[in-house]
Amino acid sequence: LPALFKQELQNTEAEEGGTATLRCELTKLNAPVEWRKGDTTLYPGLKYEMKQQGSAAELVIYDLELDDS
């Protein structure tokens, strides 16, 4: 069965230049997660950090810009 959202992403407000953290919880442990913004897949680097532990997945976005919304 596919992994589903147990807890979906919530809207987050943050200051330009700051950091935002997005979290979700899935119905399956260690299910592969692909973070996307529209049609663009996001990859770890200076701008994005992805974390996953068990069924919880987290995306941290650094140095926020208006385009990150």
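Residues numbered from 1 in each chain as written. Predicted model: local features only at pLDDT ≥ 70, side-chain atom pairs only at ≥ 80, totals over all residues. Heavy atoms only, no water.

Section: the pairing of strand β6 (residues 56–61)
Part 1 of the argument: Most of β6 is tucked away, with five of its six residues classed as buried.
Part 2 of the argument: For strand β2 (residues 20–26) and β6, the ladder comprises six bridges, and the chain directions are antiparallel. Among the inter-strand pairings, R23 is bridged to a residue of β6, identified as E58.
Part 3 of the argument: Pairing analysis gives six bridges linking strand β5 (residues 48–53) to β6, with the strands arranged antiparallel. Within β6, the residue paired with Q53 across the bridge is A56.
Part 4 of the argument: Taken together, β5 and the strand that follows it, β6, pair antiparallel across an intervening segment of two residues, in which G54 is found at a positive phi of about 60 degrees. (Buried < 20%, exposed > 50% of the residue type's maximum accessible area, 1.4 Å probe, protein only. Helix = DSSP H or I, 4+ residues; strand = E, 2+ residues; numbered from the N terminus. Pairing = 2+ DSSP bridges.)

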